[in-house]
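Survey of secondary and tertiary structure
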Amino acid sequence: MRFSMLPRAFVQMFKKPWTNKFPAKYTPSNTTKFLQKVNAGEIKINPPVETPPGFRGKIQYDKEKCIGCQLCLKVCPSGAIEFKPEEKKIKIYLARCTFCSQCNDICPVNCLSMSNEFLLADSDLYSKDLIVE
Amino acid sequence: MKKATTTKTTYQIPIGPIHPALKEPVFFEFELDGEKIVDVDVKLGHVHRGIEWASRKRNPVQILYLAERICGICSFCHPAAFTLAVENVAEIQVPERAEYLRVIQAELERICSHTLWAGVAAHEIGFDTVLYLTWQIREKALDLTEYLTGNRVTKAIIMIGGVRRDITPDMIPKINETLKYLKDNFEKLRHIFLDDKTVKMRSQSCGILTKDDALKLCAVGPTTRASGVKKDVRVDTSYFAYGDLDITYTTPDILTGEVNGDVYDRIIVRLLEIKQSIDLIEQCLDKMPSGPIVAEPKIAKLLAQLKKTNGEGVGRHEAPRGEVIHYVKLDGVNDAPFTWKVRAPTYNNILPWIPMLKGQQIADIPIVAASTDPCMSCTNRVAIIKDGNRFEMNKEQLHKLSVEKTRRLKL
Amino acid sequence: MTEEKILSAEEIVKYFTDKFSTKIKEVKIKRRVAGIKKNETSYIWMKIEKNDFKDFIKHLCDFQFPHLGVISGNDLGNSIELIYHFTLNYGNRMKEVILNLSVELPKSKPEIETICDFIPGALISEREKQEFLGVKIIGIPDNRRLFLPDEIPEGVYPWRRDETGPEKLYRNLHEVKK
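Residues numbered from 1 in each chain as written. Chains lettered and ligands numbered in written order. Predicted model: local features only at pLDDT ≥ 70, side-chain atom pairs only at ≥ 80, totals over all residues.

1. Some remarks on the overall build of chain A
On a plain count of helices and strands, chain A comes out with four helices and five strands. A globule of 133 residues ought to have a C-alpha radius of gyration of about 14 Å, yet chain A, at 21 Å, is considerably larger. Along the three orthogonal principal directions, the C-alpha set of chain A runs to about 70 × 40 × 20 Å. Residues counted as buried form 15% of the 133 residues belonging to chain A. Contacts in chain A between residues far apart in sequence, at least 24 positions, make up 60% of those at least 6 positions apart. (Helix = DSSP H or I, 4+ residues; strand = E, 2+ residues; numbered from the N terminus. Rg over C-alpha atoms; globule rule 2.2 N^0.38 Å. Buried ≥ 20, exposed ≤ 12 C-beta atoms within 10 Å, placed from the backbone. Contact = placed C-beta atoms within 7 Å.)

2. Quick word on the interface of chain A and chain B
Facing the 17 residues of chain A at the interface are 22 residues of chain B. Of all elements in the fold, only helix H1 (2–12), helix H3 (71–75) and helix H4 (102–106) of chain A reach the threshold of two or more residues within the side of chain A that touches chain B. The residue inventory of the side of chain A that touches chain B, partitioned by class, reads 11 nonpolar, four polar and two charged. (Nonpolar A, V, L, I, M, F, W, Y, C, P; charged D, E, K, R; others polar.)

3. Quick word on the sheet that holds strand E3 (residues 89–93) of chain A
Strand pairing in a sheet takes place through backbone hydrogen bonds and is either antiparallel or parallel in direction. Residue and element names in this part refer to chain A. In space, the three strands of this open sheet follow the order E2-E3-E5, with antiparallel pairing throughout. Of all strands in the sheet, those with a lone pairing partner are strand E2 (81–84) and strand E5 (131–132), marking the two edges. Examined bridge by bridge, E2 and E3 share four bridges and lie antiparallel to one another. Among the inter-strand pairings, Phe83 is bridged to a residue of E3, identified as Ile90. (Pairing = 2+ DSSP bridges.)

4. A few points about the pairing of strand E6 (residues 310–319) of chain B
Residues and elements named next belong to chain B. Extensive coverage of E6 is indicated by the burial of eight of its 10 residues. Taken together, the 10 bridges between E6 and strand E7 (residues 322–331) define a ladder with antiparallel strand orientation. The partner of His317 across the bridge, within E7, is Val324. Hairpin connection between E6 and E7: a loop of two residues separates the two successive antiparallel strands.

5. Focus on the sheet that holds strand E1 (residues 24–34) of chain C
All names here are of chain C. Taking strand neighbours across the sheet as the criterion, the five strands line up as E1-E2-E5-E4-E3 in an open arrangement whose pairing is mixed. At either margin of the open sheet sits one strand with a lone partner, and together these are E1 and strand E3 (67–75). With direction set aside, neighbouring strand axes in the sheet form an average angle of 20°. One ladder, built from seven bridges, connects strand E2 (residues 39–48) with strand E5 (residues 97–106); its direction is parallel. Looking across to E5, one finds that Ile44 is bridged to Leu99. Contacting E3 and strand E4 (79–88), helix H3 (residues 123–133) runs over the sheet at an angle of about 10° to E3. (Axes fitted to C-alpha atoms, helices over the stretch in contact; angles between N-to-C directions.)

6. Structural notes on the interface of chain C and chain B
By a widespread convention, an interface's size corresponds to the accessible area lost as its parts come together. Opposite the 35 residues of chain C that make contact, chain B presents 36 residues. Elements with a minimum of two residues in the side of chain C that touches chain B: E1, E2, E3, E4, E5 and H3 of chain C. Here the element with the most residues in the side of chain C that touches chain B is E3(C); it accounts for six residues. When its residues are assigned to classes, the side of chain C that touches chain B shows 19 nonpolar, 11 polar and five charged.

7. Remarks on the nonpolar core
In this structure, A:Cys72, B:Ala85, B:Val103 and B:Ala121 are the most contacted members of the largest nonpolar core, which totals 160 residues. Looking at this core, the element that brings in the most residues is helix H4 (residues 96–125) of chain B, giving 16 residues. Non-local contacts of B:Ala121, meaning those with residues more than four positions away in its chain, are made with B:Ile267, B:Ile367, B:Ala370 and B:Ser371. (Core = buried A, V, L, I, M, F, W, Y, C linked by C-beta atoms within 7 Å.)

8. A closer look at helix H2 (residues 53–63) of chain C
Residues and elements named next belong to chain C. All of the buried residues in H2 are Phe56, Ile57 and Leu60. The buried residues of H2 occupy an angular sector of 95° when the element is viewed end-on, so they sit on one face. In the core, the buried residues of H2 are packed alongside helix H1 (9–20) and E2. (Arc of directions from axis to C-beta.)

So this is what it looks like as C-alpha cells:
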C-alpha cells in the first residue's frame, strides 16, 4: 500500500490543502482579548466554510406574528420553549435547543425560521445571546 | 503492559444522552496462551442511557429526534425504523415520492458510513494515509447531506408519513456532481484495499466466521453476508421504494468467486455496497414520481390521530451495520407510546465475536473487532488474563501492537 | 441440506394450526404495501400458551431455521408479555414473512424456558429480559447482567410499571431552572 498511495500523496503536496484554514494563524495567548479585538474590527480572522441554504442554525423569532397557540411547545423534543402566559408569547432557550426546526414546521403563522448562525458557544447557559424571545 | 492489582473496572461513567459519537466502550476479557487467544468474554452496558425510558413522556414526533441521537452514524436508520413501526400501527399510507426520497437519504448515509469504516479499518492495520484519503472522499458525501437536509449528522429529514424536505430540480446538478466524484474515486479505493499484498496478508484467514455460526448466532449485516448468508432487509422485504429498484444480495463471490468469511471478505462486501448505493441513488433519481412528500402535512392533526390509535407494529430497516428493528405499541389513551423497543444491529453482532477471536493473536484484535463495524466500536479497557496474572491494556497499546505486526510482515 | 421451502403467510399459519390447533389463542395476518409497484410484506401475529412454547419453537426450527430479530417485553398490569420477533424465508427476493410470537406470563410466576439450545443467538436478548423485566429464564447458559450497572439493586426492574419499577432511582438531572 505504500507504493499505491505514494503517487497520490506526492501530488497532494502541490495542491491546495483540503481542510479549511484555522481562524487565526497562530494560537492567541489570551483568547478573550483576541475575540474583543476581532469584535472591534482590529484583527481579521479566516472565515468558516460557507453554509448551504437551508442550513439549520440559530432560531429566529418574529414576535409580532406569534399568536400564542403553544403548538411549538408540544413538538419540541427537548423542552427548550417556554410559554409566557401574561404576554402570550414564547421564550426559547438555545442551551437546550436541538436545532431540529420542528417548531418551524408546525407553527401556523410561520413566525419561526432558522438562520445560518452556528458560532454559538458560550460559558453561561442563560446568557443574553442564548435566549431568544 | 502494566501489572495492575486486580481492580477490574467493569463499567465506565456514561457520557450523556446527546452524543453523536462513533466510539462507545465495550469490555472484553481474553484468556491467553502465549500470544494466542483461547477464550473470550464480552461485557456491555457502559453507555446505557435509558433512551427507551425517556420515550415514556414524549409523543411520537418528539421520539423521532430522540431516536436520531441513539447513534451518530446510524442517525437515519433509527428514525426510519421507528416511523415504519408507527406507520404499521396506524396504517398510514406514505406517498410514493416520499418513499423514493427516503431511499436516497438511506443510501447516502450508507456511503458515508462505509467510507468512514474503510478509513478506520485502514487505521487499525496501520495505514494512516488511507484514513485521510477515505475521509476526504467522505467529506464530499457529507457536504451533499448538508445541502439536502441542513446538517451533516443529525439529518432530521424523516417524518411520520413522509419526509420533511423535497429535492427540487435545482438541487439535482449538485447531486450528480457528487455522485460522479464518488464514482471516480471508488476505483482508487478498490485498488488500494483489494489489490494490495499487505492488506491481503493481514486480513485473509483472519477472524473467520463460518456460515453455520453466522446462521446460528443470528448475525446481521455485512458481517453475515461476508460469510455467505443471504440476509438483507432491503432485498427480502419491500419497504420504502426498494421493491421497485434493481437490487441484489452483496456477497464476496461476486468479486472473487469464493466465500471464506474472513476480514478480507468483509472489506469486499462493504466496498461493493458503496458501489451498489451509488447505483441505487441514480436509479431513484431517474424513476422518481411526482406528488406530495408527506401524507399528513398538519402535524397537530397527525398527533391527534396517533393519540387515538391502538395497536402494535414492527419496523425493520437495513442500516449500514445490519438490520435495525423497532417495536412500538400504542395504547390509544396517552400521547406517548406504551412500549418502544429498539434493537440496534450491533447487538446481534456481539456473539459472533467469540468464535471469530478464538485462535487469533492479540495484535489481530483491533482489525477483527473493527471488521464487524461495531457501533460501540473500541474497547476502552481490555483485561488480559495471562498465566493467572492480570494485565490491563488500553486502546492505544493494542493499536500499537497491531501496527507493529504489520511492520513485521516484511514486504 | 434439503431445498428450503418458501411458503406464504397463510401456509405458514396453516402449518402451525395443523399441529397446535387448540393451543393457539389468536392469529392475525397483516399486509403492508410500498412503492409504486405496491409489493406486499406480510406480518403474522400469534399468541400462544406458555406451556406449549418450547414445542412450538422446536416445530418452527424443524420447518426452517428462523432469524431471531429481538425479544420485546410489555408490562400489562397482571402479566408480562414477551414477544419473539422471528423472520422466515430470508434469502429470497421479497418473500420474507415476519412472525411475531407473543407469550403471556403471570406476574406471580414469570418463568419461561430458554431457546438458546435451538437458537444460540438468543442469549443476549434473553439476558436483557431477565434484568429488565424480572423474567426468570430456565436453563439459560449465562446468568449475568448485561446492560445494567451493578449499582442498581436486585429486585428493581426498569421496564415494569408497578412498584418494582425504577421510580425511586432516577434523578431529574435534565431539569433546568427557567
